[in-house]
Amino acid sequence: MTTTTAAAARVFRVRVPFSTRWNDNDQYGHLNNAVYYEAMDTAVNSWMIRAAGLDPHGDGTIAFCAASSCEFRASASFPDALEVGIGVERLGTSSVTWALGILRDGEHEPIATGRFVHVFVDAASRRPTAVPASVRAAIEEHLLG
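Quick caveat: nothing in here was measured; it's all calculated off a predicted structure.

## So, the confidence of the model for the chain
- For the chain, mean pLDDT is 92; residues scoring 70 or higher make up 94% of the total.
- When mean pLDDT is taken per element in the chain, strand β4 (residues 95-104) scores highest with 98 and helix α1 (residues 3-9) scores lowest with 47.
- Across residues 1-6, confidence stays below pLDDT 50; counting only partners more than four residues off in sequence or on other chains, it has six contacts.

Structure (structure tokens):
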């Protein structure tokens with residue numbers, strides 16, 4: 001099963017509301033592709049801050065996006081109410097591969113599926129470090145359990 005097929009079949013245990021904005025629509029009348037990436041990035045980072053206490057401004061460990069992708073299945077436009085479904089494809093030693101979906105509020109079939117690879121690094125040296133224990137615990141409890 002491919003990553004996007006796996007994400008499409010996944011029931012996302014965590015869903016984060018995403019409010020579309022007037023300026024998200026492009027000249028073709030639908031959400032610009034960059035908006036999907038912004039929604040996924042914001043959802044994952046806000047979830048790590050809220051559920052795992054990650055401090056992106058701290059001097060400890062931070063997460064850098066090393067890779068991302070998105071496949072579009074249907075369009076959306078303002079004022080659609082959307083959600084970002086968050087799952088985990090792989091939890092490694094120093095990285096997390098997120099399986100993500102953009103969903104209409106209350107629906108189960110994603111209109112877009114995405115993938116982000118976050119590498120955790122020391123804020124000062126920018127060298128890879130272990131996934132923080134709090135992030136690992138939150139992933140195991142809320143996303144993998």
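Now that the structure is up, let's keep going.
## As for the sheet that holds strand β5 (residues 112-122)
- What the five strands build is an open sheet, ordered β1-β3-β4-β5-β2; its pairing is antiparallel. A single partner strand is all that each edge strand has here, and the edge strands are β1 (14-19) and β2 (61-72). Each adjacent strand pair in this sheet contributes to an overall mean axis angle of 30 degrees, direction not counted.
- Relative to β4, strand β3 (residues 81-91) is paired through nine bridges, and the arrangement is antiparallel. By the bridge assignment for β4, E83 is matched with L103.
- Sheet strands in contact with helix α2 (residues 33-52) are β1, β2, β3, β4 and β5, and its direction is about 50 degrees off that of β5.

## As for the packing of aromatic side chains
- One pass over the full model with this rule turns up three aromatic pairs.
- Judged by centre distance (5.8 Å) and plane angle (85 degrees), the rings of W22 and F78 are edge-to-face. Here F78 lies in the loop between β2 and β3 and W22 lies in the loop between β1 and α2, a separation of 56 residues in the sequence.
- Look at W22 and you get exposed, because its relative accessible area is 69%.
- Centroid distance W47 to W98: 6.1 Å. Interplanar angle 75 degrees. Geometry classified as edge-to-face. With a gap of 51 residues between them, W47 in helix α2 and W98 in strand β4 connect regions that are remote in the sequence.
- On the accessibility criterion, W47 (4% relative accessible area) is buried.

## Quick word on the packing of α2 against helix α3 (residues 133-144)
- Two numbers describe how α2 lies on α3: the axes approach to 9 Å, and their chain directions differ by 100 degrees. On the basis of the axis angle, α2 is roughly perpendicular to α3. Here W47, M48, A51 and A52 of α2 lie close against α3, whose contacting residues are S134, V135, A138, I139, H142 and L143.
- The class makeup of the residues in the contact of α2 with α3 is eight nonpolar, two polar and no charged.

Rules and cut-offs
Per chain, residue numbering runs from 1 following the sequence as it is written. With pLDDT at 70 or above as the cut-off, local features in this predicted model cover only qualifying residues; side-chain atom pairs require 80 or more to be listed or tallied, and sums for whole chains, interfaces and linings still use all residues. To get the side-chain values, all heavy atoms of the structure are used, and hydrogens and water are removed first. For every residue, the pLDDT score states the predictor's confidence, bounded by 0 at the bottom and 100 at the top. Helix and strand definitions here come from DSSP, where helices need a minimum of 4 consecutive H or I residues and strands a minimum of 2 consecutive E residues; each element is numbered from the N-terminal end. In what follows, a contact means two residues having at least one pair of non-hydrogen atoms within 4.5 Å. Between any two strands, pairing holds if DSSP finds at least two bridges. Only C-alpha atoms enter the line fits that serve as axes; for helices the fit covers just the stretch in contact. Angles between N-to-C directions range over 0 to 180 degrees. Pairs were defined over the aromatic rings of Phe, Tyr and Trp, the Trp ring being its six-membered one, requiring ring centres within 6.5 Å. Orientation was assigned from the angle between planes: stacked under 30 degrees, edge-to-face over 60, tilted for the rest. With a 1.4 Å probe rolled over the protein chains alone, any residue whose accessible area is under 20% of its type maximum counts as buried; one over 50% counts as exposed, and the rest are partly exposed. Angle categories: roughly parallel below 35 degrees, roughly antiparallel above 145, roughly perpendicular from 65 to 115, and oblique for all the rest. Throughout this entry, Asp, Glu, Lys and Arg are counted as charged residues, while Ala, Val, Leu, Ile, Met, Phe, Trp, Tyr, Cys and Pro are counted as nonpolar. The remaining residues, Gly among them, count as polar.

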